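What follows is the residue order along each chain.
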Amino acid sequence: MKRLSSFIKTAAGFQYSVNLRYDLAKDNKVSGYIPLVQSSEIIKDVISANRLGETIRARILIGAYGTGKSHLVLVLLSVLSKLLPPESFESLTRKMKQTLPEVAALIETCVAPHSSKMLPVLVESSGKSLEQALLLGLRNSLEEYDLGELMPSTTYQAAQEQINEWREQYPQAYHMLSEYLIESKQGDAETLEAGLRKLDDKAYALFCDAYREVTHGAVFEPLLRGRPEDVYRELAKSLPQEYKGIVVVFDEFGKYLETAWGQSKDIDLKPLQDFAE
């Protein structure tokens, strides 16, 4: 008599939990996903909400521990961001056609070679404020997907604000900036600011060199200075043509709130509301 184990086997690569940071873009995590009716409806809702013309896109996914939230989000990110080739989704869509074929069709459209994709941003709290967590997540994503050279208008604005801050609050730093520009025969601070106002790439590169000189080797981080909603909006406009936008996931947000409350911190959720709106 054959044992049940000869008919049923654990899927290769099976794990009891999914880590979005380390499991994203793994083929077996997508092919091994089991789409239930409820999770398929969520996939349909999120994909539909991110089509052109839709305006209500923010979602909160709530569920008990072990219900597969992270695995579901991993599949969603893989689809929306086309992190795998189209054939990697065949197993998923084949299973989904048995329950909700219209959702399978949506996925096939999203991952088709001609379709555009979204830049995935994973946000982690790491003890930082909401604003810093959102901005750090964006910076890390740009570096991971070789988009670190993008220059939204907020980048030039941040450089101008830094010069103004030196001028008004740190005169010694402003003096060092002026000296650096004169010694390198690059004009003066006013000329540099005029170039930044014109969104001139050379002016920004010069400012970054001067910033390292003034701060003794520090790197200017413009994406960490603005309001998340402004930085994300401007950067979305600067993305290459194959991108249609940015998809942001704040995993384990409940734990972030629990940790903050446990440390008796005042939590300002207004930035998150502004960002979602």
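Residues numbered from 1 in each chain as written. Predicted model: local features only at pLDDT ≥ 70, side-chain atom pairs only at ≥ 80, totals over all residues. Heavy atoms only, no water.

**Q** Provide a residue-level description of the overall build of the protein, including the pertinent values.
**A** Helix and strand counts for the protein come out as 14 helices and two strands. Along the first, second and third principal axes, the C-alpha atoms of the protein reach 90 × 50 × 35 Å. Here the protein, with 277 residues, has 41% of them falling under the buried criterion. Element-wise, carbon and sulfur atoms account for 52% of the exposed surface of the protein, whose accessible area totals about 16700 Å². Seen as two clouds, the 32 positive and the 39 negative side-chain charges of the protein have centres 9 Å apart. (Helix = DSSP H or I, 4+ residues; strand = E, 2+ residues; numbered from the N terminus. Buried < 20%, exposed > 50% of the residue type's maximum accessible area, 1.4 Å probe, protein only. Areas by Shrake-Rupley, 256 points an atom, 1.4 Å probe, with all protein chains shown as cover. Lys, Arg positive; Asp, Glu negative; His and termini not counted. Charge placed at Lys NZ, Arg CZ, Asp CG, Glu CD.)

**Q** Describe unusual backbone geometry, naming the residues involved and giving the relevant values.
**A** Positive phi values are uncommon outside glycine, yet Lys 82 reaches one of about 50 degrees. By the secondary structure assignment, Lys 82 is in the loop between α4 (69-80) and α5 (90-96). The backbone of Asp 146 sits at a positive phi, close to 55 degrees, despite the residue not being glycine. Positionally, Asp 146 belongs in the loop between α7 (130-144) and α8 (153-169).

**Q** Can you explain helix α13 (residues 253-262)? Please cite residues and give values.
**A** Listed as buried for α13 are Tyr 256, Leu 257 and Ala 260. The buried residues of α13 occupy one face: seen down the axis, they fall within an arc of 95 degrees. Structural note: α13 exposes Glu 258 and Gly 262 on the side pointing more than 90 degrees away from its buried face. Each element contacted by the buried residues of α13 is listed here: α7 and β2 (243-250). (Arc of directions from axis to C-beta. Contact = heavy atoms within 4.5 Å.)

**Q** With reference to specific residues and values, describe the pairing of strand β1 (residues 117-123).
**A** The buried count for β1 comes to six of seven residues, which makes it a mostly enclosed element. Relative to β2, β1 is paired through seven bridges, and the arrangement is parallel. When the bridges of β2 are listed, Met 118 appears paired with Gly 245. (Pairing = 2+ DSSP bridges.)

**Q** Residue-level account of α7, with values.
**A** In a regular helix each residue adds 1.5 Å, so 15 residues correspond to 21 Å; α7 covers 21 Å between its end C-alpha atoms and thus fits that length. Among all positions in α7, only Leu 130, Ala 133, Leu 134, Leu 135, Leu 136, Gly 137, Leu 138, Arg 139, Ser 141 and Leu 142 are buried. Here the buried face of α7 lies against β1, α12 (228-238), β2, α13 and α14 (270-276). With its phi angle positive at about 55 degrees, Asp 146 sits one or two positions after the end of α7. (Expected span 1.5 Å × (residues − 1).)

**Q** So what about the nonpolar core? Which residues, and what values?
**A** For soluble globular proteins, nonpolar side chains are generally found buried alongside one another. Core analysis: the largest hydrophobic core is formed by 32 residues, its most contacted members being Ile 43, Ile 47, Val 79, Leu 92 and Ile 107. Elements that contribute at least two residues to this core include exactly α3 (37-49), α4, α5, α6 (101-111), β1 and β2. Counting residues per element, this core draws most heavily on α4, which supplies eight residues. Leu 119, Ala 133, Leu 136 and Leu 257 belong to the second-largest nonpolar core, a separate cluster that totals 23 residues. (Core = buried A, V, L, I, M, F, W, Y, C linked by side-chain atoms within 4.5 Å.)

**Q** A description of the pattern of salt bridges should follow, citing residues and the corresponding values.
**A** Within the structure shown, the criterion is met by 13 salt bridges. With its nearest N and O atoms 3.0 Å apart, the salt bridge here joins Arg 227 to Asp 230. By relative accessible area, which is 48% here, Arg 227 ends up partly exposed. Salt bridges sharing partners connect three or more residues here, namely Arg 227, Glu 229, Asp 230 and Arg 233. (Salt bridge = Lys/Arg side-chain N within 4 Å of Asp/Glu carboxyl O.)

**Q** Mind laying out the packing of aromatic side chains, listing which residues take part and the relevant values?
**A** Here the distance between the centres and the angle between the planes together describe a pair of aromatic rings. Taken as a whole, this structure holds nine aromatic pairs when the rule is applied. Aromatic pair Tyr 204 and Phe 220: ring centres 6.4 Å apart, planes at 55 degrees, arrangement tilted. Of this pair, Tyr 204 sits in helix α11 (residues 201-214) while Phe 220 is found in the loop between α11 and α12, placing the two residues 16 residues apart along the sequence. Considered together, Tyr 204 and Phe 220 belong to a single accessibility category, that of buried residues. Ring geometry for Phe 250 versus Phe 253: centroids 5.0 Å apart, planes at 75 degrees, classification edge-to-face. (Phe/Tyr/Trp six-rings, centres within 6.5 Å; stacked < 30°, edge-to-face > 60°.)

**Q** Now, about the packing of α7 against α12: what can you tell me, with residues and values included?
**A** In contact at an axis separation of 9 Å, α7 and α12 are set at 25 degrees when each is read in the N-to-C sense. Taken as axis vectors, α7 and α12 run roughly parallel relative to one another. Considering how the two elements wind past one another, α7 and α12 form a crossing that is left-handed. Two secondary-structure elements touch here, α7 through Glu 131, Leu 134, Leu 135, Leu 138 and Leu 142 and α12 through Pro 228, Val 231, Tyr 232 and Leu 235. Classifying every residue of the contact of α7 with α12 gives eight nonpolar, no polar and one charged. (Axes fitted to C-alpha atoms, helices over the stretch in contact; angles between N-to-C directions. Parallel < 35°, antiparallel > 145°, perpendicular 65-115°, else oblique. Left-handed = near helix turned anticlockwise from the far one by under 90°. Nonpolar A, V, L, I, M, F, W, Y, C, P; charged D, E, K, R; others polar.)

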